[in-house]
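The primary structure of each chain is shown beneath.
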Amino acid sequence: MSSPTTQKKNRTVIDSFGQDYELTGKLGEGGQGIVCTTNFPNVLVKIARKSSPEKLNNWLNKIDRLMRAPLNGLPIARPLARIVKPQPGYVMELMDGLVQLSKLMQESIDALHEDIGLQKYINQGGIVRRLRILARLARTLAELHARGLAYGDLSPANLFVSRSIEHAEVWLIDSDNIDSQSQDSAHGVYTPDYGAPEILRRESGNNSLTDSWSFAILAYNLLIMAHPLKGDMVLEGEPELEESALRGELPWVDHPNDNRNQLTITGLPRHLVLNTSLTELFDRCFNKGLSNPVERPSLAEWAEAFEVAVTQILECENCKSSYLYNSNSKLNCPFCDHQNDAKNILLIKEYFYIPPSILLDEYKNVPEEVLRKNCWVKTGEWQVLSRNTVQLKNLTPGISLYAKEKILCDITFNDDGVKIVPAAGANVSIQKDKEATLSKITSPIKFNHQQRIGVSYLLHIGVIQEAHYVWHFIW
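Keep in mind that this is a model prediction, so the values were computed, not measured.

(A) Molecular detail of unusual backbone geometry. Residue P86 follows K85 across a cis peptide bond; omega there is -10 degrees. Mapping P86 onto the fold places it in the loop between β5 (81-85) and β6 (89-93). Backbone geometry places D174, a non-glycine residue, at a positive phi of 55 degrees. Relative to the assigned elements, D174 resides in the loop between β10 (170-172) and β11 (179-180). In this structure D174 comes out as buried when scored by relative accessible area, which is 8%.

Okay, structure coming up:
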């Protein structure tokens, strides 16, 4: 038996700067190495698995490249220093207050199977938090792809999220999977259940298209609590059927025309957690994109869809769970079947307004009365308020630059009514209907519930004489 001194030595590693780290536990492992927690809060160490000198040297060179890679500003735990003793590896650092996503997902699935139902799912922040997490993750991966890199081994084990349900921060570890996009099948790295079919068939390496596949698997799993390729046929069949499904040889569980592998024995009903846009993206990925990777949605498309979905969430008055407001659910909470009161929500719809003066200059031969009818352009965008605040900008939610755009106005809806707060110096005006006079707002205004008699209001965000967005609501 080894002495206590020997055991202590075996659990300590040293980096290239001479700093030592005590390995306090195993966080996860894969084909390339083991990720361990250390005696320093939020500091992790990955130790490389033993391999041939050539493979190890290639891996270490990759770590050196990643330390100089263009990852600034991305929530990715990049290598900070190489571990040199007793085995090769590297040091990485996480944000504070994070937890491994795989742990949260497993807790929800276990609770469902133990007849606790969806309470754990709800207690973890419900649908709205999951949508926010996926929106953040998609934006991160989209930016990584824009920098000419692919993540390579996306799975819940490599993703950390806020421990607090009030937040939806994301942080990716295992950055040694990141590399320039490659079609070389020898470099295909994946986690079981999350690898793209072409990687499993050894036809491709990691690239943006395989990242899109892994992201879609993760997103479907997180929202539906089921794998999109493992329907009843696979779950109740021989192990070989699962292998066949993961290689892309069977239809996905929600295929619109082929129900051989449909899923009925587990998973949430899709209408509870998916709107039309998300449903279409999942079908694009797992239907046409199953055999033709270029058909898969980009991560930018995924980010836009999830960011928009976040703006269309209601909170149930009864069970406090969140759900999508759509043609299927409307005001009926799908988790407790409570009929929520219509007076406790506010629907706002977006228009793009082009002043008549601009149209008159552009179309001189068109009668003015015709042009005035075409000043208002429906964008099809809308948001729902349910005891929350939305921020209005010169861009629509879902556009890539939306997060960086300046806030021009806040709308808060709560038990007191509606409060509209313009930002300092912002051009914000309101009118009662399309023909009424506009009034510029320079300080907060409020509408209480006693004033809610069905009057149409238009909130103009921008300079009135220029084309701008307008949000319509009825109070």
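Next comes the rest of the account.
(B) Structural view of the sheet that holds strand β17 (residues 409-414). An order of β16-β17-β18-β21 is seen for the four strands of this open sheet, with the pairing classed as antiparallel. Looking at which strands have only one partner, the edges of the open sheet turn out to be β16 (388-392) and β21 (445-447). Strand-to-strand twist in this sheet, taken as the mean axis angle between neighbours without regard to direction, amounts to 15 degrees. Two strands pair when backbone bridges link them, and strand β18 (residues 417-422) and β21 are joined in this way by three bridges, in the antiparallel orientation. Residue pairing in the sheet places V418 in a bridge with F447 of β21.

(C) Quick peek at helix α2 (residues 53-66). Here α2 spans 20 Å end to end across 14 residues, near enough to the 20 Å set by a 1.5 Å rise per residue. Listed in full, the buried residues belonging to α2 are W59, L60, K62, I63 and L66. All buried residues of α2 fall inside an arc of 155 degrees around its axis, so they share one side. Exposed side chains of α2 directed beyond 90 degrees from the buried face belong to P53 and E54.

(D) View of the sheet that holds strand β4 (residues 43-48). Pairing is antiparallel in the closed barrel, where six strands are placed in the order β1-β2-β3-β4-β6-β5. Averaged over all neighbouring strand pairs, the angle between strand axes comes to 45 degrees, with direction disregarded. The pairing of strand β1 (residues 12-15) with strand β2 (residues 20-29) spans three bridges and is antiparallel. Bridge pairing in β2 places V13 opposite Y21.

(E) The confidence of the model for the chain, seen in detail. Taken residue by residue, the chain gives an average pLDDT of 90. The fraction at 70 or more is 95%. Averaged pLDDT values for the elements of the chain fall to 46 in helix α1 (residues 4-10) and rise to 97 in helix α7 (residues 208-224). Counting interchain partners and residues more than four positions distant, the pLDDT-below-50 stretch residues 1-9 has two contacts.

(F) Layout of the pairing of strand β19 (residues 428-431). Of the two faces of β19, both are covered, the one formed by V428 and I430 as well as the one formed by S429 and Q431. Summarising the sheet, β19 and strand β22 (residues 456-461) pair through four bridges and their orientation is antiparallel. Residue pairing for β22: I430 is matched across the bridge by L459.

(G) The arrangement of the side chain of T140 in detail. For T140, the position within the fold is in helix α5 (residues 126-146). Residues within four places of T140 in sequence aside, it is in contact with L74, P75, I76, V170 and L172.

(H) A nonpolar patch on the surface, seen in detail. On the surface, a nonpolar cluster with roughly 230 Å² of combined accessible area is contributed by Y363, V366 and V370. Note that V366 resides in the loop between α13 (356-362) and α14 (368-373).

(I) Summary view of the side chain of H468. When you line up the elements, H468 lands in strand β23 (residues 468-474). Beyond its immediate chain neighbours, meaning those up to four positions away, H468 contacts Y351, F352, Y353, H460, I461, G462 and V463.

(J) Highlighting the nonpolar core. By size, the foremost hydrophobic cluster in this structure holds 81 residues, and its most contacted members are L131, F215, L223, V273, F282, W302 and F306. The biggest single contributor to this core is α5, with 11 residues. Among residues more than four places away in sequence, those in contact with L223 are Y121, R130, L131, L134, L268, V273, L274 and F306.

(K) Quick look at the state of the cysteines. With the rule as written, the count across this model stands at zero disulfides. The thiol of C333 is unpaired, and the distance to the nearest cysteine sulfur, on C316, comes to 3.7 Å.

(L) Representation of the packing of α5 against α7 within the structure. Between α5 and α7, the shortest axis-to-axis distance is 11 Å and the interhelical angle comes to 175 degrees. With respect to each other, α5 and α7 are oriented roughly antiparallel. The residues of α7 that touch α5, namely those facing R130, L131, L134, L137, A138, L141 and H145, are S208, D211, F215, L218, A219, L222 and L223. Split into classes, the residues belonging to the contact of α5 with α7 amount to 10 nonpolar, two polar and two charged.

(M) Structural detail: the packing of α7 against helix α12 (residues 299-310). Running from N to C, α7 and α12 cross one another at 25 degrees; their axes reach a closest spacing of 10 Å. Compared by their axis directions, α7 and α12 come out roughly parallel. Across the interface between the two elements, S208, D211, S212, F215, A216, A219 and L223 of α7 pack against L299, W302 and F306 of α12. Its residues placed into classes, the contact of α7 with α12 shows seven nonpolar, two polar and one charged.

(N) Structural view of the pattern of salt bridges. For the structure shown, the criterion picks out 19 salt bridges. The residue R296 makes a salt bridge to E198 at a minimum N-O spacing of 2.9 Å. Taken as a pair, R296 in the loop between α11 (276-291) and α12 and E198 in helix α6 (residues 197-200) lie far apart in primary sequence, 98 residues in all. For R247, the salt bridge goes to E249, with nearest N and O atoms at 2.9 Å. For R247, a relative accessible area of 28% gives the class partly exposed. Salt bridges linked by common partners bring K26, E29 and R49 together as one network.

(O) View of the environment of W302. If you trace the backbone, W302 turns up in helix α12. Distance from W302 to A138, taken between C-alpha atoms, is 6.2 Å for residues 164 residues apart in sequence. If sequence neighbours within four positions are ignored, W302 has contacts with A138, S212, F215, A216, L278, L281, F282, C285 and P297.

Conventions and cut-offs
- Residue numbering note: each chain is counted from 1, following its sequence as written.
- With pLDDT at 70 or above as the cut-off, local features in this predicted model cover only qualifying residues; side-chain atom pairs require 80 or more to be listed or tallied, and sums for whole chains, interfaces and linings still use all residues.
- Values shown for side chains rest on all heavy atoms present in the structure; no hydrogens or waters enter the calculation.
- Put simply, DSSP H or I for four residues or longer makes a helix, DSSP E for two residues or longer makes a strand, and each gets a number counted from the N terminus.
- The cut-offs for exposure are 20% and 50% of the maximum accessible area for each residue type, with area from a 1.4 Å probe on protein chains only; residues under the lower value are buried, those over the upper are exposed, and the others partly exposed.
- We treat two strands as partners when DSSP finds at least two bridges between them.
- Think of each axis as a best-fit line through the C-alpha atoms, taken over the contacting stretch in the case of a helix, with angles from 0 to 180 degrees between the N-to-C directions.
- Multiplying one less than the number of residues by 1.5 Å gives the expected span of a helix.
- Arc, as used here, means the arc of the directions from the helix axis to the C-beta atoms.
- A residue's pLDDT is the predictor's confidence in that residue, given on a scale from 0 to 100.
- Any two residues whose heavy atoms approach within 4.5 Å at even a single point are treated as in contact.
- Patch members must show over 30% relative accessible area and no salt bridge, and they are joined within 9 Å when carrying like charges or within 5 Å when they are nonpolar side chains of Val, Leu, Ile, Met, Phe, Trp or Tyr.
- Per-residue and other accessible areas were derived by the Shrake-Rupley procedure at a 1.4 Å probe size, with only the shown protein chains allowed to occlude residues.
- For this analysis, a salt bridge means a side-chain nitrogen from Lys or Arg found within 4 Å of a carboxyl oxygen belonging to Asp or Glu.
- Take the buried Ala, Val, Leu, Ile, Met, Phe, Trp, Tyr and Cys residues and link them wherever side-chain atoms come within 4.5 Å; each set so joined is a nonpolar core.
- Here, two cysteine sulfur atoms that lie within 2.5 Å of each other are counted as a disulfide.
- Reported orientations rely on four angle classes, namely roughly parallel under 35 degrees, roughly antiparallel over 145, roughly perpendicular from 65 to 115, and oblique for the rest.
- Side-chain classes are defined by residue name, with Ala, Val, Leu, Ile, Met, Phe, Trp, Tyr, Cys and Pro counting as nonpolar, Asp, Glu, Lys and Arg as charged, and the others, Gly among them, as polar.

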